[in-house]
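Summary of structural features
Letter by letter, the chains look like this.
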Amino acid sequence: MQKIVVAFGIIASTQSVSTHIPTIALAQQEIPAYAKWGQLAIKETQSKYPNASIIDYLHEGRESKGNTTIEKFRLWLKDSDKEFGVSVKIEFKTETDELLNIQIQEI
């Protein structure tokens, strides 16, 4: 009888322990197509405004014109006590990603 009680206790204790171990599936985030152009927009903006800090960044979209594409970005900068926006447009050949033009304009 004592063996039955011990066996029942072992079974009961193993049943109360959760056997489900949650697994965390880390989703692979895809790198957006505009990412490399965004890095270039940041780099060129930092070159033009070396004393300013970039405090915000926005991809405004993509515009296709024939065989070229224009990626549009808006960056918000802070220089001493002044904050201002910058619009960056990067034009490149759609098929080859050859850089054609970069426009940086203060807003």
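Above this text is the structure in question.
Residues numbered from 1 in each chain as written. Predicted model: local features only at pLDDT ≥ 70, side-chain atom pairs only at ≥ 80, totals over all residues. Heavy atoms only, no water.

**Here we look at the overall build of the protein chain**
- Within the protein chain one finds two helices and four strands.
- N-terminal to C-terminal, the α/β element order of the protein chain is α-α-β-β-β-β.
- The 107 residues of the protein chain split such that 22% are buried.
- Across the protein chain, the fraction of contacts at a sequence separation of at least 24, relative to all contacts at a separation of at least 6, is 36%.
- Of the roughly 8400 Å² of accessible surface on the protein chain, a fraction of 53% belongs to carbon and sulfur atoms. (Helix = DSSP H or I, 4+ residues; strand = E, 2+ residues; numbered from the N terminus. Buried < 20%, exposed > 50% of the residue type's maximum accessible area, 1.4 Å probe, protein only. Contact = heavy atoms within 4.5 Å. Areas by Shrake-Rupley, 256 points an atom, 1.4 Å probe, with all protein chains shown as cover.)

**Quick notes on the nonpolar core**
- Judged by nonpolar contacts, the single largest core of 14 residues is most densely connected at Y49, F73, L77, V86, V88 and I90.
- Of all the elements in the fold, those that place two or more residues in this core are α2 (35-48), β2 (68-79) and β3 (82-93).
- Here this core gets five residues from one element, more than from any other, and that element is β3.
- Not counting residues up to four positions away in its chain, the partners in contact with V86 are T45, Y49, F73, R74, L75, L77, I104, Q105, E106 and I107. (Core = buried A, V, L, I, M, F, W, Y, C linked by side-chain atoms within 4.5 Å.)

**Some words on the pattern of salt bridges**
- Per the counting criterion, the structure on display carries six salt bridges.
- Ionic pairing is found between K82 and E106, a salt bridge with its closest N-O pair at 3.9 Å. Of this pair, K82 sits in strand β3 while E106 sits in strand β4 (residues 99-106), and the two are 24 residues apart along the sequence.
- Given the relative accessible area of 43%, K82 is considered partly exposed.
- On the basis of relative accessible area, E106 is assigned to the partly exposed category, the value being 40%.
- When the shortest N-O distance is used, the salt bridge between E98 and K93 registers 3.4 Å.
- Residue E98 is classed as partly exposed on the basis of its relative accessible area, which comes to 41%.
- Take K93: its relative accessible area is 33%, and that puts it in the partly exposed class. (Salt bridge = Lys/Arg side-chain N within 4 Å of Asp/Glu carboxyl O.)

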